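# Geometric and topological summary
Here is what each chain is made of, one letter per residue.
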Amino acid sequence: MSNPTEGTPAPPPPAAKKPGIQEALLKVLKTDDTDPVKQVAKRRRFVMASVLGFLGVNFLMFLRFFFPRALFEPKTTFRIGYPSDFGFGVDTKFQNQYRIWVVRNTEGIFVISAICTHLGCTPDWKSSENKFKCPCHGSGYDPEGVNFEGPAPRPMDRAHVEIDPEGQIVVDLSRVYRWPKGEPSQFNDPGAIIRA
Ligand code: FES
C-alpha cells in the first residue's frame, strides 16, 4: 500500500515575522557585547532611533492640520431659478435634491420644507387628490402644506425666499416660517413668500 503523502510537496516554512520598531530597539539594548566602544555606539543608535521616531510622530501630527476632517453637510442656501419658471400649483422637481416643494398660488411663490411635522417623514405629493400625504402615519396636508388629517400637529414649515440681483429665487432652509398650533402664522412674514 502506498503512502498517501508520498509525492506531495512539503508545505513551505512559515514566513519569518518582521520585528517591529519596539522589538528592534530592545534587541539593540539586549546584546551582550562587552566592548565599551560598541556599547556606546549601540546606545547612540538607540537614542537616535528614539529621537527620529518621536520627530516622525510629531511631524505626522503637524501634517494633519493641513488635512482637516471635513464635514460635508447639505447646502442650506441655493438658487432654484426665476419666478417665471414656476407655474400655478405644486412643483416637486427639487424634492430629491433639497427636500422642498415650490408652490405658486394667487398670492405668490413660497417654498415648503418637505418634512412632516408629526415625526419628520417626507410626505408624497398626490396630484390626483390635490394633497400631500405622509406615508408614515397618514397625515394629510393641503397644497399649501396646511395639515387637515392625521396626527400632524401643525402645517409644514416654509423656507426663507428672496430674489437675488439677477432675478433668481434664493432659498434659505436655515430660516423657516412656522404656524404653531394656537399661535399666529408666520406665513405672511417678509421672506416667507415672494409676491410675484
Ligand atoms: S411622520 Fe408623518 S404622519 Fe407621522
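Further up the page is the structure itself.
Bear in mind that the values here come from a model prediction, so they are computed numbers and not experimental data. (Residues numbered from 1 in each chain as written. Predicted model: local features only at pLDDT ≥ 70, side-chain atom pairs only at ≥ 80, totals over all residues. Heavy atoms only, no water.)

## Description of the packing of aromatic side chains
Scanning the model with the defined rule gives 5 aromatic pairs in all. Both rings, one in Phe94 and one in Tyr98, keep their centres 6.1 Å apart while their planes meet at 35°; by these two values the pair is tilted. Accessibility assignment for this pair places Phe94 and Tyr98 in one class, buried. Aromatic side chains Trp179 and Phe187 sit 6.0 Å apart centroid to centroid with 80° between the ring planes, which places their arrangement in the edge-to-face category. Among the residues examined, Trp179 registers a relative accessible area of 34% and is labelled partly exposed. Taken together through their ring pairs, the aromatic side chains of Phe78, Phe94 and Tyr98 make up a single cluster. Seen from the ring of Phe110, Arg158 lies directly overhead, with NZ or CZ sitting 3.8 Å from the centre. Just above the ring of Phe187 sits the side chain of Arg158; from NZ or CZ to the centre is 3.9 Å. (Phe/Tyr/Trp six-rings, centres within 6.5 Å; stacked < 30°, edge-to-face > 60°. Buried < 20%, exposed > 50% of the residue type's maximum accessible area, 1.4 Å probe, protein only. Lys NZ or Arg CZ within 6 Å of the ring centre and 35° of its normal.)

## A few points about the state of the cysteines
One way to say it: the disulfide is the covalent bond shared by the sulfur atoms of two cysteines. For the structure shown, the criterion picks out 1 disulfide. Each sulfur in the disulfide pair Cys121 and Cys136 lies 1.9 Å from the other. One disulfide, between Cys121 and Cys136, carries an S-S torsion of -95° and so falls in the left-handed class. Linking Cys121 in the loop between β4 (108-113) and β5 (124-126) with Cys136 in the loop between β6 (131-133) and β7 (140-141), this pair joins segments that are 15 residues apart in sequence. (Disulfide = S-S within 2.5 Å. Helix = DSSP H or I, 4+ residues; strand = E, 2+ residues; numbered from the N terminus.)

## Quick word on the sheet that holds strand β9 (residues 158-163)
Strand order across the open sheet formed by 6 strands is β1-β10-β9-β4-β3-β2, with antiparallel pairing between neighbours. Each having just a single partner strand, β1 (77-81) and β2 (89-91) make up the two edges of the open sheet. Looking at each pair of strands side by side, their axes are set apart by 35° on average, direction ignored. Pairing between β1 and strand β10 (residues 169-177): 4 bridges, direction antiparallel. Paired with Phe78 across the strands is Val171, a residue of β10. (Pairing = 2+ DSSP bridges. Axes fitted to C-alpha atoms, helices over the stretch in contact; angles between N-to-C directions.)

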